[in-house]
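Survey of secondary and tertiary structure
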Amino acid sequence: MERTSSVRKKTLARQHKAEVMIAGEQLRLKLHDGKLIKERRYHLRTYPNCLVGQELIDWLLSHKEAPDRTTAVCLIQHLMDHDIVHHVCDKYSAFKDAKRLYRFRKDDGTFPFNTEVKIFMRGQQLYEQLIGDKNSILQLREEHGVAYQRAFPGCQLIDWLIQNGEAESRRRGLELCRALQEHGIVQHVFKKHEFFDSGLLYQFCINFRRRRRLSELLNETEQNTEEGLISREENHHQDSPFLMCKNSLHDESGFHTAGHHKELKPVTAGRRGSLNSLKNRSDFSSFTTLSPSSVVQYNPKSVINRNFTCEELLAPGAPFIKKVLTVIGDDLGWGFVVRGTAPCYVQAVDPGSPAAAAGIKVRQFVCQVNGQFVLYMDYRTVTKLVMTGNRTVVVEVLEPLE
């Protein structure tokens, strides 16, 4: 038991390290785009690709990456502690909100490429290849009544590694997969088994494409310290258009949804823009995504006060108003949750999402998607129409009159 706990802690630490590296790289690219990283002179010496500590803190505040200067300093210190950022002369190990010069180690070639980093980069490379594969093995698969988006059988990943020249043999492929599992990049869907060359289902724990907020890094650190072991399903492998964020520890998801969270069942899921088609209970489907440090949960309770038939919705004088809404998805998706079968309805909306901006609200019934009448369709068909269409989705809804 102690050994299992130790291994779990090590895995969580590695996953957090991966998150720090991804967040750090995303920040580095943003700062380059914003011309904050550039050649600077100090005491008659020129330092290429560097930035001023004080200016960096100003940038973090102006871009709402931190609520105050103290938090911003803690965030950059966290990057320094993980060898992402350093003082240009390595004279100071503590970050200071002052006119000191700092640099990303990736910009001067001093980033430590140890075994852990190499495995992380290999995992990222494989993830990108698998995501971009037209006939990807990452698919929606079911295990014990729960569907997992972009899951894969272990044997199929090893087949893919060999076919694409990523592994010389099945033994080498298995060794690579187990290394990825050991470093928290892939895992068994129920976290019960190590990696086997078999039909057992596995999935990526990390979504390398998800946009990170630096504040997430400190939140993860605090939660790991306070709670010990936290089951964290990284927003890893799913890119569907629907989103539902749920922070199980603090219940600060901020989503507009109705219904009480009772008998919550943990399930793996991804980010906004991630689809998790779960077990159909009482004719409802649940699409759930989360923040990186959350246990994914879903609530089968419907927000609809009573069930309506399609005929009731279409009857003359029915207490509904028809609206045509255009939702332009962003890199994270559209930001709403659909449930139900003939008719489907909106169960939850991310208040900061394109869906919310377009006027999508809970309890609206979905009547048309991109001009196609869907009122009599089930959630799977409606979902497919949204996922396979363009980023701009035109939705006709029936909204209950207040």
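Residues numbered from 1 in each chain as written. Predicted model: local features only at pLDDT ≥ 70, side-chain atom pairs only at ≥ 80, totals over all residues. Heavy atoms only, no water.

What about the overall build of the protein chain?
To keep it simple, the criterion reads: Working definition: helices are DSSP H or I runs of at least four residues, strands are E runs of at least two. Numbering for both runs from the N terminus. Burial classification: accessible surface area is computed with a 1.4 Å probe over protein chains only, and a residue below 20% of its type maximum counts as buried, one above 50% as exposed, and the rest as partly exposed. Whether two residues are in contact is decided by their heavy atoms, any of which lying within 4.5 Å being enough. Only the protein chains shown count as covering a residue, and every accessible area follows the Shrake-Rupley method with a 1.4 Å probe.
Across its full length, the protein chain holds eleven helices and 17 strands. Burial analysis of the protein chain (402 residues in total) assigns 52% to the buried set. At a minimum sequence separation of 6, the contacts of the protein chain that also span at least 24 residues come to 66%. A total accessible area of about 19,100 Å² is found for the protein chain, and carbon and sulfur atoms account for 50% of it.

Description of the packing of aromatic side chains
What characterises a pair of aromatic rings is the spacing of the ring centres plus the angle enclosed by the ring planes. Quick note on the threshold: Ring geometry is summarised as follows: Phe, Tyr and Trp rings, the Trp one being its six-membered ring, pair when their centres sit within 6.5 Å, and such pairs are stacked at plane angles under 30 degrees, edge-to-face over 60 and tilted between the two. Over a ring means this: the NZ of a Lys or the CZ of an Arg is within 6 Å of the ring centre and within 35 degrees of the ring normal.
Applying the stated criterion to the full structure yields eleven aromatic pairs. An aromatic cluster is present here, built from Tyr127, Phe152, Phe195, Tyr202 and Phe204 joined pairwise through their rings. It is Arg178 that lies over the ring of Phe196; its NZ or CZ is 5.2 Å from the centre. One cation-aromatic arrangement involves Arg306 over Phe308; the distance from NZ or CZ to the ring centre is 4.0 Å.

Focus: the side chain of Gln364
The following threshold applies: Any N or O atom pair separated by 3.5 Å or less is treated as a polar contact, with the protein-specific requirement of one donor-capable and one acceptor-capable atom, and with residues adjacent in sequence counted only for side-chain atom pairs.
By the secondary structure assignment, Gln364 is in the loop between helix H10 (354–358) and strand S15 (365–369). Using a relative accessible area of 0% as the deciding quantity, one classes Gln364 as buried. A distance of 2.9 Å separates a polar atom in the side chain of Gln364 from the backbone nitrogen of Lys361. In this structure the side chain of Gln364 is engaged in a polar contact, spanning 2.8 Å, whose partner is the side chain of Glu399. With residues up to four places along the chain from it excluded, the contact list for Gln364 reads Leu325, Cys344, Tyr345, Val346, Gly359, Val397, Leu398 and Glu399.

Brief notes about empty space enclosed by the protein
Threshold: The method works on a 1 Å grid over the protein atoms by themselves. A cavity is a set of points holding a 1.4 Å probe that cannot get out, a pocket is an open set with protein on both sides within 12 Å along at least five of seven lines, and residues with an atom within 4 Å of a point line them. Grid points are joined across faces, edges and corners, and a volume is the space filled by probe spheres set on the points. When residues are grouped by polarity, Ala, Val, Leu, Ile, Met, Phe, Trp, Tyr, Cys and Pro land in nonpolar, Asp, Glu, Lys and Arg in charged, and all others, Gly among them, in polar.
Counted according to the given criterion, the structure contains five cavities of 30 Å³ or more. For the second largest cavity, the full set of lining residues is Arg14, Lys17, Ala18, Met21, Glu116, Phe120, His183, Ile185 and Ile206. Those elements giving two or more residues to the lining of the second largest cavity turn out to be helix H1 (2–33) and helix H5 (115–132). Among the elements that line the lining of the second largest cavity, the one with the most residues is H1, at four residues. Here the lining of the second largest cavity is built from residues that sort into five nonpolar, one polar and three charged.

Regarding H5
Think of an α-helix as 3.6 residues a turn; residues three or four steps apart then line up on the same face. The line we're drawing: A helix is expected to reach a length of 1.5 Å times the quantity of its residues less one.
Taking 1.5 Å as the rise per residue, H5 with 18 residues should run 26 Å; its terminal C-alpha atoms sit 26 Å apart, in good agreement. Among all positions in H5, only Val117, Ile119, Phe120, Gly123, Leu126, Tyr127, Leu130 and Ile131 are buried.

With respect to the sheet that holds strand S6 (residues 146–153)
Test applied: Should DSSP find at least two bridges between two strands, the strands are regarded as paired. For every element, the axis is a line fit to its C-alpha atoms; helices are fit only across the contacting stretch, and the angle between N-to-C directions ranges from 0 to 180 degrees.
Strand order in the open sheet made by the four strands is S5-S6-S8-S7, with antiparallel pairing throughout. The sheet is open, and its two edges are formed by strand S5 (139–143) and strand S7 (186–188), each paired on a single side. Geometrically, the sheet is characterised by an average inter-axis angle of 60° between neighbouring strands, direction not taken into account. With two bridges joining them, S6 and strand S8 (residues 201–204) adopt antiparallel strand pairing. By the bridge assignment, Pro153 is partnered in S8 with Leu201. Running over the sheet, helix H7 (residues 170–182) touches S7 and S8 and is turned about 90° from S7.

Some thoughts on the pairing of strand S17 (residues 392–400)
Both strand S12 (residues 320–328) and S17 contribute to a ladder of nine bridges, which runs antiparallel. Bridging from a neighbouring strand, Leu325 pairs with Val395 of S17. Bridging between S15 and S17 involves four bridges; their strand directions are antiparallel. The residue bridging Val369 from the neighbouring strand is Val395, located in S17.

Points about the sheet that holds strand S4 (residues 101–104)
Taken in spatial order, the four strands line up as S1-S2-S4-S3 in an open sheet, and their pairing is antiparallel. Of all strands in the sheet, those with a lone pairing partner are strand S1 (38–42) and strand S3 (85–87), marking the two edges. Across this sheet, the average inter-strand angle for adjacent strands is 55°, counted without regard to direction. Of the pairings in the sheet, the one linking S1 to strand S2 (residues 45–52) comprises four bridges and is antiparallel in character. Paired with Lys38 across the strands is Cys50, a residue of S2. Taken strand by strand, helix H2 (residues 53–62) contacts S1, S2 and S4, and its axis lies near 25° from that of S2.

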